[in-house]
Amino acid sequence: MQNYDDLLKANLEWVETKLSLDKDYFKNLSKGQNPPFLYIGCSDSRMPIDTFTQSEPGSFFIHRNIANQVFPNDMNFLATLEYAVEQLGVQHIIVSGHYECGGIRTAHEKCRHSAMISNWLMPIKKIEVEHKEELKLLKNEDDRLDRLTELNVLEQLKHIFELPIIRNKIESGEYPKIHGWILDIRHGNIKEIDIPMEEWKSKGIIPKEYEK
Ligand SMILES: [Zn+2]
């Protein structure tokens with residue numbers, strides 16, 4: 001495990017490496033950002049999305065919280081989303097969950113936690129109740145947790161599509177594409193989640209103008 005002093009030492013080494021490859025690296029980096037992606041992910045320390053996608057600084061505008069929740073009344077999230085969409089003009093919004101998510105497990109296990117954690121995870125418990133029958137058919141606990149992780153991402157995608165800022169963008173014809181991911185932390189791979197476009201369009205969740 002890294003200790004605190006290692007962090008600062010590693011930083012100096014990284015700066016040296018970057019400058020040895022490109023002496024203007026930081027000069028260029030400091031000129032401004034134009035990230036193509038807004039990434040909404042879990043706070044889990046094992047999910048540095050830049051590392052998993054071999055991306056350089058400047059690729060992802062990032063919002064993270066426990067179990068990658070999208071709440072329409074979360075000012076922090078809404079400000080991040082609005083800035084990403086309106087000011088930065090991101091081309092893609094990615095909501096990413098991951099297997100072995102402590103937030104999902106805690107919601108599922110229904111253990112007693114502080115009021116704050118319980119409140120935060122309540123929507124996941126709701127998703128589990130709503131999909132009780134589907135989850136019951138799975139053969140073991142791990143499969144149920146994995147499916148709940150995927151259902152959680154789908155639920156957050158629904159919230160994104162339903163936000164007025166996103167609906168207005170879609171109706172205007174110029175909008176970011178919206179994606180759901182699961183980071184399979186056991187193998188390192190990113191799995192794309194299928195969004196049921198036609199079903200969600202018929203239910204009015206996705207505006208009819210939206211094209212994949
Ligand atoms: Zn997590």
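None of the values given here were measured: they were computed from a predicted structure. (Residues numbered from 1 in each chain as written. Predicted model: local features only at pLDDT ≥ 70, side-chain atom pairs only at ≥ 80, totals over all residues. Heavy atoms only, no water.)

S.K.: Go over the coordination of the zinc ion with me, naming the residues and quoting the values.
M.R.: Protein-derived ligands of the zinc ion are Cys42 (SG), His98 (NE2) and Cys101 (SG), with the metal-ligand distances lying across 2.1 to 2.3 Å. Counting the intervening residues between successive donors of the zinc ion yields the motif C-x55-H-x2-C. (Donors = N, O, S within 2.8 Å, 3.2 Å for Na, K, Ca; no water.)

S.K.: Outline the nonpolar core, supporting the account with residue identities and numerical values.
M.R.: Membership of the largest hydrophobic core comes to 51 residues, with the highest contact counts inside it found for Leu81, Ile93, Ile160, Phe161 and Ile166. Among the elements that make up this core, the one with the highest residue count is helix H8 (residues 141–162) (8 residues). The contact partners of isoleucine 93, leaving out residues within four places of it in the chain, are Leu38, Ile40, Leu81, Val85, Ile160, Ile166, Pro176, Lys177, Ile178 and His179. (Core = buried A, V, L, I, M, F, W, Y, C linked by side-chain atoms within 4.5 Å. Buried < 20%, exposed > 50% of the residue type's maximum accessible area, 1.4 Å probe, protein only. Helix = DSSP H or I, 4+ residues; strand = E, 2+ residues; numbered from the N terminus. Contact = heavy atoms within 4.5 Å.)

S.K.: Pulling in residues and values, what's your account of the sheet that holds strand E3 (residues 92–98)?
M.R.: If you walk across this open sheet you meet the 5 strands as E2-E1-E3-E4-E5, and the pairing is mixed. Edge positions in the sheet fall to strand E2 (60–65) and strand E5 (189–192), since each of these pairs with one other strand and no more. With strand direction ignored, the average angle separating the axes of adjacent strands in the sheet is 25°. Summarising the sheet, strand E4 (residues 177–184) and E5 pair through 4 bridges and their orientation is antiparallel. Of the residues in E5, the one forming a bridge with isoleucine 182 is lysine 191. The strands touched by H8 are strand E1 (37–42), E3, E4 and E5; relative to E4, the strand with the most contacts, the crossing angle is about 160°. (Pairing = 2+ DSSP bridges. Axes fitted to C-alpha atoms, helices over the stretch in contact; angles between N-to-C directions.)

S.K.: Could you give an account of the packing of aromatic side chains, with specific residues and numbers?
M.R.: By the definition in use, this model includes 9 aromatic pairs. Seen from their ring centres, phenylalanine 61 and tyrosine 83 are 5.7 Å apart, and the 40° between their planes marks the pair as tilted. Here the residue phenylalanine 61 occupies a position in strand E2, and tyrosine 83 occupies one in helix H4 (residues 75–87), the gap between them amounting to 22 residues. Among the residues examined, phenylalanine 61 registers a relative accessible area of 18% and is labelled buried. The interplanar angle of 80° and the centroid separation of 6.4 Å between the aromatic rings of phenylalanine 161 and tryptophan 200 together place this pair among those described as edge-to-face. Highlighted residues: phenylalanine 161 in helix H8 and tryptophan 200 in helix H10 (residues 197–202), separated in sequence by 39 residues. By the burial criterion, phenylalanine 161 is buried, and tryptophan 200 matches it. (Phe/Tyr/Trp six-rings, centres within 6.5 Å; stacked < 30°, edge-to-face > 60°.)

S.K.: Can you tell me about helix H1 (residues 4–21), naming the residues and giving the values?
M.R.: Between the first and last C-alpha of H1 there are 27 Å, a value that for 18 residues agrees with the 26 Å anticipated at 1.5 Å per step. With a side-chain oxygen lying 3.1 Å from the backbone nitrogen of aspartate 5, the N-terminal cap of H1 falls on asparagine 3. (Expected span 1.5 Å × (residues − 1). Polar contact = N/O pair within 3.5 Å; in protein donor to acceptor, adjacent residues only side chain to side chain.)

S.K.: Break down unusual backbone geometry for me, with residues and values.
M.R.: Positive phi values are uncommon outside glycine, yet alanine 67 reaches one of about 65°. Turning to its location among the elements, alanine 67 is positioned in the loop between E2 and H4. Under the relative-accessibility criterion, alanine 67 is labelled buried at 0%. Backbone geometry at asparagine 68 places phi at a positive 40°, although glycine is not the residue there.

S.K.: For helix H6 (residues 115–130), give the residues involved together with the corresponding values.
M.R.: With 16 residues, H6 ought to run about 22 Å at 1.5 Å a step, and its terminal C-alpha atoms sit 22 Å apart, in line with that. The sharpest bend along H6 measures roughly 45° and falls at leucine 121, with the proline proline 123 sitting one to four residues further on. Turning to H6, its buried residues are Leu121, Ile124, Ile127 and Glu128. (Bend = angle between axes of the 7 residues up to and from the residue.)

S.K.: How would you summarise the packing of helix H5 (residues 102–109) against H6 if you had to cite specific residues and measurements?
M.R.: Running from N to C, H5 and H6 point in directions that differ by 65°, and their axes come no closer than 9 Å. Crossing of H5 against H6: the hand is right-handed. Residues Gly103, Ile104, Thr106, Ala107 and His108 of H5 pack against Leu121, Ile124, Lys125 and Glu128 of H6. By residue class, the composition of the contact of H5 with H6 is 4 nonpolar, 3 polar and 2 charged. (Left-handed = near helix turned anticlockwise from the far one by under 90°. Nonpolar A, V, L, I, M, F, W, Y, C, P; charged D, E, K, R; others polar.)

S.K.: Pulling in residues and values, what's your account of the domain arrangement of the chain?
M.R.: According to the domain assignment, the chain contains domain 1 (1–32) and domain 2 (33–202). Surface buried jointly by domain 1 and domain 2 totals about 300 Å² across both partners, of which 48% is contributed by carbon and sulfur atoms. A per-residue breakdown of the area domain 1 buries against domain 2 is headed by Tyr25, Leu29 and Gly32, which together make up 76% of the total. On inspection of domain 1 and its partner domain 2, the count reaches 1 salt bridge. In this structure, glutamate 56 engages lysine 18 in a salt bridge whose closest nitrogen and oxygen atoms are separated by 2.9 Å. There are 2 residue pairs in polar contact (both at pLDDT 80 or more) connecting domain 1 and domain 2. Residue assignment for the side of domain 1 that touches domain 2 shows that the elements contributing at least two residues are H1 and helix H2 (25–29). (Domains from an automatic or database assignment. Buried area = accessible area lost by both parts, 1.4 Å probe. Salt bridge = Lys/Arg side-chain N within 4 Å of Asp/Glu carboxyl O.)

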